[in-house]
Amino acid sequence: QVQLVESGGGLVQPGGSLRLSCAASGSIFSIYAMGWYRQAPGKQRELVATITTGGSTKYADSVKGRFTISRDNAKNTVYLQMNSLKPDGTAAYYCASGTSWTPRDFWGQGTQVTVSS
């Protein structure tokens with residue numbers, strides 16, 4: 001079992017930045033791929049970024065060049081640096097762990113990001 005707790009969400013103006021964190025506990029963090037998903041009201045949850053155990057990354061086309069996923073295995077934490085945020089980035093953001101490029105075995109409770117002036 002893996003427990004995941006997200007933090008760092010909030011209200012930001014368009015063009016601003018936020019860094020989300022996801023702290024993991026309960027299992028060996030370094031053996032899992034980690035992903036960030038988001039779900040806007042009335043829309044399906046979508047995968048935003050993934051990072052493998054070896055540090056390889058993959059991003060949704062909508063966030064490439066603006067978002068960066070990283071992990072610190074010593075701190076059992078994965079991050080999502082979000083720059084140049086747009087209003088369509090308003091969503092609940094979730095981290096998840098798993099063993100594939102679409103990790104979804106364990107989920108956090110989510111953190112809300114609102115991009116608005």
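This text gives an overview of the structure that appears in the document. (Residues numbered from 1 in each chain as written. Predicted model: local features only at pLDDT ≥ 70, side-chain atom pairs only at ≥ 80, totals over all residues. Heavy atoms only, no water.)

1. Some words on the pairing of strand β8 (residues 77-82)
Among the six residues in β8, five count as buried, and that is most of the element. Relative to β8, strand β3 (residues 18-25) runs antiparallel, the two sharing six bridges. Following the sheet pairing, Leu18 is matched in β8 by Met82. Where strand β7 (residues 67-72) lies against β8, six bridges are found, and the strand directions are antiparallel. (Buried < 20%, exposed > 50% of the residue type's maximum accessible area, 1.4 Å probe, protein only. Helix = DSSP H or I, 4+ residues; strand = E, 2+ residues; numbered from the N terminus. Pairing = 2+ DSSP bridges.)

2. Focus on the side chain of Arg38
Along the chain, Arg38 turns up in strand β4 (residues 33-39). Reaching out from Arg38, the side chain makes a polar contact with the side chain of Glu46 at a distance of 2.7 Å. Looking at Arg38, its side chain comes within polar contact range of the side chain of Ser62, at 3.5 Å. (Polar contact = N/O pair within 3.5 Å; in protein donor to acceptor, adjacent residues only side chain to side chain.)

3. Focus on the sheet that holds strand β1 (residues 3-7)
Backbone hydrogen bonds hold the strands of a sheet together, and the pairing may be parallel or antiparallel. Strand order in the open sheet formed by four strands is β1-β3-β8-β7, with antiparallel pairing between adjacent strands. Lying at the two open borders of the sheet, with one neighbouring strand each, are β1 and β7. Within this sheet the neighbouring strands show an average axis-to-axis angle of 15°, counted without direction. (Axes fitted to C-alpha atoms, helices over the stretch in contact; angles between N-to-C directions.)

4. Quick notes on the pattern of salt bridges
Using the criterion set out here, one finds two salt bridges in the structure. Two residues, Arg38 and Glu46, come together in a salt bridge whose shortest N-O distance is 2.7 Å. We classify Arg38 as buried; its relative accessible area is 6%. A salt bridge links Lys64 to Asp61; the nearest nitrogen and oxygen atoms lie 3.1 Å apart. Take Lys64: its relative accessible area is 49%, and that puts it in the partly exposed class. (Salt bridge = Lys/Arg side-chain N within 4 Å of Asp/Glu carboxyl O.)

5. Some remarks on the nonpolar core
Membership of the largest hydrophobic core comes to 28 residues, with the highest contact counts inside it found for Trp36, Leu80, Met82 and Tyr93. When residues of this core are traced back to their parent elements, those giving at least two are β3, β4, β5 (46-51), β7, β8, β9 (91-98) and β11 (111-115). The dominant element in this core, judged by the number of residues it contributes, is β3, at four residues. Each residue touching Met82, except ones within four places of it in the same chain, is listed here: Gly16, Ser17, Leu18, Leu20, Arg66, Phe67, Tyr93 and Val113. (Core = buried A, V, L, I, M, F, W, Y, C linked by side-chain atoms within 4.5 Å. Contact = heavy atoms within 4.5 Å.)

From the geometry alone we can't say anything about function, so treat these as descriptive.
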